[in-house]
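# A structural walkthrough
Each chain is listed here by its residues.
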Amino acid sequence: MIAPLALIGLVSLPIIVAYYMLRLRRRDVPVGSTFLWQQLVRDVEANAPWQRLRFSWLLIVQLLIALLMVIAAARPFLTVSSDLAANVVLIVDTSASMGTVEDGTSRIAAAQVAARRVIGQLSEGGHVTVVTADDSAHVLVSDTDDRAAALAAVDGIVATQVPGDLTDAFALASALAARDSDSTVVVVTDANADRLPRVGIGAPVQVKRVGTTDGNQAVAALSLLRRSGGAQLDLFVAVSNPSASDVTRRLEIYADDVLVDARDLAIPAEQRSEALISSVPQGARVVEARLAGDDALAVDDRAFALVPSAAAVRALLVGPGNTYLENALALLPRLELYAVGAGGYVDALDAAAEAGKPYGIVIFDRTVPAQPPTVPALYVGPAAGSAFGTVGRVLDGPALDRTDPADPLLRFVDLSTLHIGRARAVTLADGMRPVVESVRGEPLVAIGRVNGLGVGLLSFALGDSDLPLQVAFPLLMSNLVDALLPSTDGILPPSVELGQPIAVSIDPAIRRVAAVTVASGEQLELEVVGGRVTVPGPRVTGLVDLQVVDDGSGTGGVSLGRTAANLFNPGESRVTPGDPARIRDLGQVGPSPGDDGLTARSEWWWPLALAGLVLLLVEWLLFHRPTRRAVARILRRGRPPAAARSSSSSMAGSPR
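In short, a report on the structure. (Residues numbered from 1 in each chain as written. Predicted model: local features only at pLDDT ≥ 70, side-chain atom pairs only at ≥ 80, totals over all residues. Heavy atoms only, no water.)

### Looking at the overall build of the protein chain
Short version of the rule: Under the scheme used here, helices are H or I runs from DSSP no shorter than 4 residues and strands are E runs no shorter than 2 residues, and both carry numbers assigned from the N terminus. Contacts are residue-level and defined by heavy atoms, with any inter-residue pair within 4.5 Å sufficient. Only the protein chains shown count as cover for residues, with accessible areas throughout obtained via the Shrake-Rupley method and a probe of 1.4 Å.
Looking only at helices and strands, the protein chain has 14 helices and 32 strands in total. Residue pairs in contact within the protein chain that sit at least 24 positions apart in sequence constitute 69% of those at least 6 positions apart. With an accessible surface of roughly 34,100 Å², the protein chain has 56% of that area assigned to carbon and sulfur atoms.

Okay, structure coming up:
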């Protein structure tokens, strides 16, 4: 029994019996003589508090009702062999790959069928919690034995466009399973998620895998760069083919919804093809790459990119002076370069602010400001720590480790012949990543975003190396500046992955902003706290516009920046169903195939409760005097009067 304490209610049985053994208590009244009341006197003498218990159908019925109700309240159960425990946590994967369509049916529809089947297999009295999992967990119904409610929740499940992550769903399932040892976690998924929890849960995990096809291709990368001093736009597109077959797909390029290029791309199996397109018009604002035709997953067949801004940015070089650095920066078409000594830094900022022409980037050459600037910054040979991290001891002759040629910061940059005489050991701040390291792991070139601002670092002075004499030097400086400066007019990054939140700095005078999905017009208002705001990760592909919410100052609707949201997730585009054992192994060891299965509790309290209610109805009908009389009257109305029956009988018996 699940609730044995309810058996305390059995004490009601002797109490009911006691009521039947109690006699009627009479009131004492003084009288002149009892001679004429001898019979009553004898009755009074026999009227003790208790009497012998006599048989009564009413007593039997009431005892049965009390007994049935007490046992039902104790929730008795039988141990039966079942594929599911009494408590089931049902997790339905709703990540982007579950939107795959094969044979005319979406993968999420197949998952709904599998989920309904699981609910139908619940044991009597079993409970189920229905959870959907995309990049987080969402509880639809919690710990219910109402199968209709659980089925209705499953019917409302739809696939999202965000990458999957089962970590939150498993953490939730682990907490629910910890409350009831008789639990089973059932995951309905295509099992191709890359992100799984690192630790398992203390309950058996079953996986209902859906999907069979692998026929999908995806726009895997899309970026726009300005070349030739901003006079040319180069569009880089990569299309991946994670399927096992060679395919040819038609790639179409749209600029502001106008088709500007189309070409066929032959893509070998499990590889990708790339294209560099220079036909994007200068005046375009938004570029879209689209794969024509159909494949299994539609959400990754489109990608968007914002055209980089062509406006020049005022740059301030702070330091004792370095001809190589000044020339390299002056050659960059995006920069309008100004230079001051370390002592003139603050005055230069004040003068720029007063003139309404603030600097968009600051380069510190062997100089570190007391306070980091509020714009992107590049530090060259710093002797003290700042936003990039902390500075430690001097490194003599650090040897360069092998660099990653695929890093965008090292595009066309060959540092294989670079020699550094002296550098400083730097501990990078959160948000920074090393690009070039020494063989001992000390960062020599690093980049990142700290407090929402781009920060770059060369941990050595240019005069302590031969970098200024290398062909790679101006290219490295160009890549650093392009990475630090926003490529769009606004505070948002040019592109984000679906589901990825964006933390940005904002004018503290602004109190509220709204993230607007351009295609649908849907908007989400956000509170600005201390000049910072975090925009939740976009849920659908397309453009997101960050706007000021009107607070009566007349600035409502002003755009603070745009970003392009794309899937760009190889794991979701690889729609081939994965190995369910990766997920099943996260649970405790369950029965192996061929075993009798799990043992589950099958509760049978409800027949007892139903029988008790029936007996209660019988008692009311038969023993409740007004009800009994009413029933008798109803029955008599359907029969002829007694005189009529007698007359009819006599007539039937007399000779004719």
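Moving on, there is more to tell.
### Things to note about the environment of Pro536
You can see Pro536 is positioned in the loop between β29 (532-535) and β30 (542-548). With 12 residues separating them in the primary sequence, Pro536 and Leu524 have C-alpha atoms 9.0 Å apart. Excluding residues that lie within four positions of it along the chain, Pro536 makes contacts with Pro501, Leu524 and Leu526.

### A short note on the nonpolar core
Put simply, the test is: To qualify as a nonpolar core, a set must consist of buried Ala, Val, Leu, Ile, Met, Phe, Trp, Tyr and Cys residues joined through side-chain atoms within 4.5 Å. For each residue, the accessible area found with a 1.4 Å probe, counting protein chains only, is set against the maximum for its type, and the residue is called buried under 20%, exposed over 50%, and partly exposed in between.
If you look at the biggest cluster of nonpolar residues, it comprises 36 residues, and the most contacted ones within it are Leu329, Leu335, Ile363, Leu458 and Leu467. Within the residue set of this core, elements represented by two or more residues are β16 (313-318), α7 (323-330), β18 (361-365), β19 (377-380), β22 (432-437), β23 (443-450) and α9 (472-484). Tallying contributions element by element places α9 first for this core, with 7 residues. Excluding anything up to four places from it in sequence, Leu467 contacts Leu415, Leu418, Leu458, Phe460, Leu462, Phe473 and Leu476. Core analysis: the second largest hydrophobic core is formed by 25 residues, Ala96, Ala296, Val513 and Val535 among them.

### A few points about the sheet that holds β22
For the record, the criterion: A strand pair is defined by DSSP finding two or more bridges across the two strands. In this description, a line fitted to the C-alpha atoms serves as the axis of each element, helices being fitted only across the stretch in contact, and the angle between N-to-C directions of two axes falls anywhere from 0 to 180 degrees.
Pairing within the open sheet is mixed, and its 7 strands lie in the order β17-β16-β18-β19-β24-β23-β22. Among the strands making up the open sheet, the edge pair consists of β17 (335-340) and β22. Averaged over all adjacent pairs, the angle separating strand axes in this sheet is 15 degrees, with direction ignored. The pairing of β18 with β19 spans 4 bridges and is classified as parallel. Counterpart to Asp365 in the pairing with β19 is Val380. Along the sheet, helix α8 (residues 345-355) makes contact with β16, β17 and β18, crossing β16 at roughly 165 degrees.

### Focus on the environment of Ala461
Take Ala461: it is sitting in the loop between β24 (453-458) and α9. Classification of Ala461 by relative accessible area gives buried; the value is 12%. As a C-alpha pair, Ala461 and Ala383 span 78 residues in sequence and 9.5 Å in three-dimensional space. If near-sequence neighbours (up to four positions away) are discounted, Ala461 is found in contact with Arg366 and Gly381.

### Quick notes on the pairing of β18
Where burial is concerned, most of β18 is hidden: 5 out of the 5 residues are buried. The alternating pattern of β18 places Ile361, Ile363 and Asp365 on one face and Val362 and Phe364 on the opposite face, and all of these are buried. Pairing analysis gives 4 bridges linking β16 to β18, with the strands arranged parallel. Looking at β18, one finds that Ala315 is bridged to Ile361.

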